[in-house]
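Take a look at the letters that make up each chain.
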Amino acid sequence: MRKVLMGNHALSEGAVLSRVQVIAAYPITPQTQVVELLSEKCADGTLNAKFVKVESEHSAMAACIGASAAGARAFTATSAQGLALMHEVLHWAVGARLPIVMGNINRAMAPPWTIWTDQTDSLAQRDTGWMQVYCQNNQEVLDAVILSYKVSEQVLLPTMIVLDAFFLSHTYEVVEMPLQDKVDKYLPPYNNPYRMDVDDPHTFGGLTGPDWYFELRYNIEQAMEEAKDVWKKEGALYGEYFGRKYDLVDAYRCEDAEVIFVAVATVASTARVVVDEMRKEGKKVGLLRLFVFRPFPYEDVRSALGNAKKVVVMDRNISFGAGGIFYQEVKSAMYGMKNEPVIFGIVSGLGGRDITPSHIREMIEYAYKHDEPEKDIIWMGVKV
Amino acid sequence: MKKLTIPYEEHMTSGHLACQGCGAALCMRLALKGLGAKTMFAIPACCWSVIDGPFPYSSLKVPLFHTAFETAAATASGMRAAMEMLGREDVNVVAWAGDGGTFDIGIQALSGAAERNDNIIYICYDNEAYMNTGIQRSSATPPKAWTTTTPVKFPKERPKKNLDEIMAAHRIPYLATASIAYPEDLVKKVKKAVSIKGTKFLHVICPCPPGWKTAPEMTIKLAKLAVQTCIFPLFEVEDGIRYKINIKPKEPVPVREYLSIQGRFRHLTDEDIDEVQEMVDKNWKLLLKKAELFGE
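Draft legend 1. How the structure looks around the overall build of chain A. In terms of regular secondary structure, chain A is built from 13 helices and 16 strands. Compactness check: chain A gives a C-alpha radius of gyration of 21 Å against a globular reference of 21 Å for 384 residues, within 12% of the reference. Taken over the C-alpha atoms alone, chain A extends approximately 65 × 50 × 45 Å along its principal axes. At a minimum sequence separation of 6, the contacts of chain A that also span at least 24 residues come to 79%.

Right under this line is the structure:
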């Protein structure tokens, strides 16, 4: 069955199909429709779940933490300021090893007040230990919810599913709806052996000195490493079940490419058109889209970019004083490789400024025109 | 002879890390007697983050989840939602927090849970300052008390925040104050909280020897004097309006007797003590009036 869904509702429908048991959420534009639809589904009985209408995002995540620790599959969604407010408890979900899944609609941070997209909100949470996936279309959003629970519950780490504000959250697309009984076969009920249980009581998160803390952090990193294989395995299995296969990255026409454009989310799908056009003109251009950003897919990035002469990384985000975050990460992945490509870091589209095919063409052509980047941050489209 | 009602069963073990004479440790032991084994705790940063014992030890025989400072109520709400989804309506979900985590940083989440009337029991063990971090004033600190952030020359001028009133204003089905010096009353109130659906709030005065600068053997005496001076009266409120005073001292003990045996009040002048007495008298009168309105 196919449905026409907005990106936000694709998140809600994914949560319904995943049979989430506890939802705790707080309104924020442009996320609100995600939980509005879930609220309706809880009310009309389509979804058998408890909806905790909390008084803040901080409490939303705390309630998800309590629910997940006590053995329920928990879901929430937020954006920008809400995600930033959650920061403390994002760490808590990871330290407590809770497989919560959250949608985050990429919205630029205030001040000044803004509701349009950029990636600084989610990337500011990069080091919390949440897995992060960036979606390019609404089908992927729905599939990512089911897939994220499947992976998270194996490695006991939470996952953040990231959508561009408006370009995805409010855009309607045709989405193939997986059948519930098939989803039930793919995604068994949440059964965390380490949950709070009055019949088998344990203390979770008690005061831990230098003798133990270090190893617990080592274990989280091990889980992140393991997660790469689990994403690959589950992404392939998802393909067998539902006909759409997922991998850590999506390499398009990269095999023989001289210049590869690297992006995430909706910009990547725009870039695909540009790549095809430029190929027709005889230019050997490719596209690498990161789907999973945490854990960072080092091997896949290296193998996709390893033969290119030049790489252009587009960031709709900035780490002030250091530049685009994807650029830094791709550079670090490629550092020290034989025939290391020249890497250009472009910052563009902050605060929801349009990134059109002609902008992407300009970014790729910049790499053709220059042997080396003129500076660490190449600003494109900024009115200065 | 009056029959004792406190259950023999213990759900807290020896080996915990509380200071000698800790009111909060006794409070937990007594509360658990009322709660029973089918109980799970959300505990934010507070003395009990340490008292329970360092990893991998625990002094509780029930599950406990340590949570962030401001999240006791929200975490408990999530646990309750999970218990309902898993068909475990028989489990008591308890948020257990100190006064800092309740009166100050946790009040937003507590207010949220109370407004939703989530089916949790929130127990605040009140030692009247941030004792775990080394005695800093909270909004539960009484006026004029010494703490490390209210030195004698820079005292706390404002009264203790009246959180019981704030909770009553949420019209929750049940709230009660209790004292570790009245264990029968405390356990009875815990059991009553267990029997009621919705948000229950218990506020227990728990003397703290290092923070109050008192001898460990004075803890029970202080918890008793707090009630008998009417500084910390024992009462219950149903649905936010029906007040019932549990202990009405015929002749309240002068506050001087309570204040003068605590190092944190050593600097108080006679005028200071008169001022406290006047404030306590007024609060007590107000409480008596409230109990008259819809009470028994």
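Draft legend 2. Layout of helix 5 (residues 107-116) of chain B. Those residues of helix 5 of chain B not exposed but buried are B:Ala109, B:Leu110, B:Gly112, B:Ala113 and B:Ala114. Looking at the buried residues of helix 5 of chain B, the elements they touch are helix 3 (57-69) of chain A together with helix 3 (72-85), helix 4 (99-104), strand 4 (121-126) and helix 6 (163-169) of chain B. Two residues or fewer past helix 5 of chain B, B:Asn117 is found with a positive phi of approximately 60°.

Draft legend 3. Region of interest: the interface of chain B and chain A. Contacts between chain B and chain A engage 41 residues on the former and 37 residues on the latter. Contributing elements (two or more residues each) for the side of chain B that touches chain A: strand 1 (39-43), helix 2 (47-51), strand 2 (64-66), helix 3 and helix 5 of chain B. Ranked by the residues each element gives to the side of chain B that touches chain A, the list is headed by helix 3 of chain B, at 11 residues. The residue makeup of the side of chain B that touches chain A, split by class, is 22 nonpolar, 13 polar and 6 charged. Two elements, strand 9 (residues 203-204) of chain A and strand 2 of chain B, share 2 bridges in a ladder whose sense is parallel.

Draft legend 4. The arrangement of the sheet that holds strand 14 (residues 310-315) of chain A in detail. Residue and element names in this part refer to chain A. An order of 10-12-11-14-15-16 is seen for the 6 strands of this open sheet, with the pairing classed as mixed. Of all strands in the sheet, those bounded by a partner on one side alone are strand 10 (249-252) and strand 16 (378-379). Of the pairings in the sheet, the one linking strand 11 (residues 259-263) to strand 12 (residues 285-290) comprises 5 bridges and is parallel in character. Within the sheet, the bridge partner assigned to Ala-263 lies in strand 12 and is Arg-289. Packed onto the sheet, helix 13 (residues 357-369) meets strand 11, strand 12, strand 14, strand 15 (342-347) and strand 16 and runs at close to 135° relative to strand 11.

Draft legend 5. Up close: the sheet that holds strand 13 (residues 292-294) of chain A. Residue and element names in this part refer to chain A. Spatially, 3-2-4-5-7-6-13 is the arrangement adopted by the 7 strands of the open sheet, whose pairing is mixed. The open sheet has two free edges, formed respectively by strand 3 (50-52) and strand 13, since each of these has just one partner strand. Geometrically, the sheet is characterised by an average inter-axis angle of 20° between neighbouring strands, direction not taken into account. Bridge analysis of strand 5 (residues 101-106) against strand 7 (residues 159-164) gives 6 bridges, and the strand direction is parallel. Counterpart to Met-102 in the pairing with strand 7 is Met-160. Helix 3 rests against strand 2 (22-24), strand 3 and strand 4 (74-79) of the sheet, and its axis sits at about 160° to strand 4.

Draft legend 6. Seen up close, helix 3 of chain A. Residue and element names in this part refer to chain A. Helix length check: helix 3, at 13 residues, gives a terminal C-alpha distance of 18 Å against a target of 18 Å (1.5 Å per residue), a fit within 8%. Counted residue by residue, helix 3 has 13 buried out of 13 residues, so it is predominantly covered. Once helix 3 finishes, Gly-71 follows within two positions and takes phi at roughly 105°, a positive value.

Draft legend 7. Quick peek at the environment of A:Gly239. Residues and elements named next belong to chain A. As for its position among the elements, Gly-239 is in helix 9 (residues 213-242). By C-beta crowding, Gly-239 is classed as partly exposed, having 14 other C-beta atoms within 10 Å. Apart from the residues lying within four places of it in its own chain, the contact partners of Gly-239 are Arg-244 and Lys-245.

Draft legend 8. Local environment of the nonpolar core. Counting residues in each nonpolar core, the largest one holds 232 residues, and the members touching the most others are A:Val22, A:Phe261 and A:Val312. Residues from two domains meet in this core; each of domain 1 (2-242) and domain 2 (249-379) of chain A gives at least three. Ignoring any residue separated from it by four or fewer positions in sequence, one finds A:Val22 in contact with A:Ala49, A:Lys50, A:Val52, A:Cys64, A:Ala67, A:Ala72, A:Ala74, B:Gly78, B:Ala81, B:Ala82 and B:Met85.

Draft legend 9. Inspection of the pairing of strand 12 of chain A at higher detail. All names here are of chain A. In terms of burial, strand 12 is largely enclosed, as 6 of its 6 residues are buried. What you see with strand 12 is no split at all: Val-285, Leu-287 and Arg-289 on one side and Gly-286, Leu-288 and Leu-290 on the other are buried throughout. In this sheet, strand 12 lies alongside strand 10 in antiparallel orientation, the contact comprising 4 bridges. Residue pairing in the sheet places Val-249 in a bridge with Leu-290 of strand 12. Crossover strand 11 to strand 12 through helix 10 (residues 265-280) is right-handed.

Draft legend 10. Quick peek at the domain arrangement of chain A. Residues and elements named next belong to chain A. Here the domain parsing of chain A yields domain 1 (2-242) and domain 2 (249-379). A separation of 27 Å is found between the C-alpha centroids of domain 1 and domain 2. Taken together, the contact between domain 1 and domain 2 spans 28 residues of the former and 21 residues of the latter. Those elements that place two or more of their residues in the side of domain 1 that touches domain 2 are helix 6 (120-123), strand 6 (131-134), strand 7 and helix 9. Residue contributions to the side of domain 1 that touches domain 2 peak at 5 residues, all from helix 9. Within the side of domain 1 that touches domain 2, the residues separate by chemical class into 16 nonpolar, 7 polar and 5 charged.

About the criteria used
- Going along each chain's sequence as written, the residues are numbered from 1 onward.
- As a convention, the first chain written is A and the first ligand written is 1, with the rest following in written order.
- The model is predicted, so local features are restricted to residues of pLDDT at least 70 and side-chain atom pairs to those at 80 or more, both for listing and for counting; the totals for chains, interfaces and linings are taken over all residues.
- Secondary structure counts use DSSP, requiring at least four H or I residues in a row for a helix and at least two E residues in a row for a strand, with both numbered from the N terminus.
- Note that the radius of gyration is over C-alpha atoms, with the globule rule given as 2.2 Å times the number of residues to the power 0.38.
- It is the C-beta atoms, placed from the backbone, that decide contacts: two residues are in contact if theirs lie within 7 Å.
- Exposure in this text rests on C-beta crowding, where 20 or more other C-beta atoms within 10 Å of a residue's own make it buried, 12 or fewer make it exposed, and counts in between make it partly exposed. The C-beta atoms are placed from the backbone.
- Under this grouping Gly is polar, as are all residues other than the nonpolar Ala, Val, Leu, Ile, Met, Phe, Trp, Tyr, Cys and Pro and the charged Asp, Glu, Lys and Arg.
- Any two strands are treated as partners once DSSP identifies two or more bridges connecting them.
- Only C-alpha atoms enter the line fits that serve as axes; for helices the fit covers just the stretch in contact. Angles between N-to-C directions range over 0 to 180 degrees.
- Helix span, as expected, comes to 1.5 Å for every residue beyond the first.
- The term nonpolar core refers to a group of buried residues, namely Ala, Val, Leu, Ile, Met, Phe, Trp, Tyr and Cys, whose C-beta atoms join them within 7 Å.
- These domain boundaries are the output of an automatic or database domain assignment.
- Handedness of a crossover: with both strands directed away from the viewer, a clockwise path from the first strand across the helix to the second marks it as right-handed.

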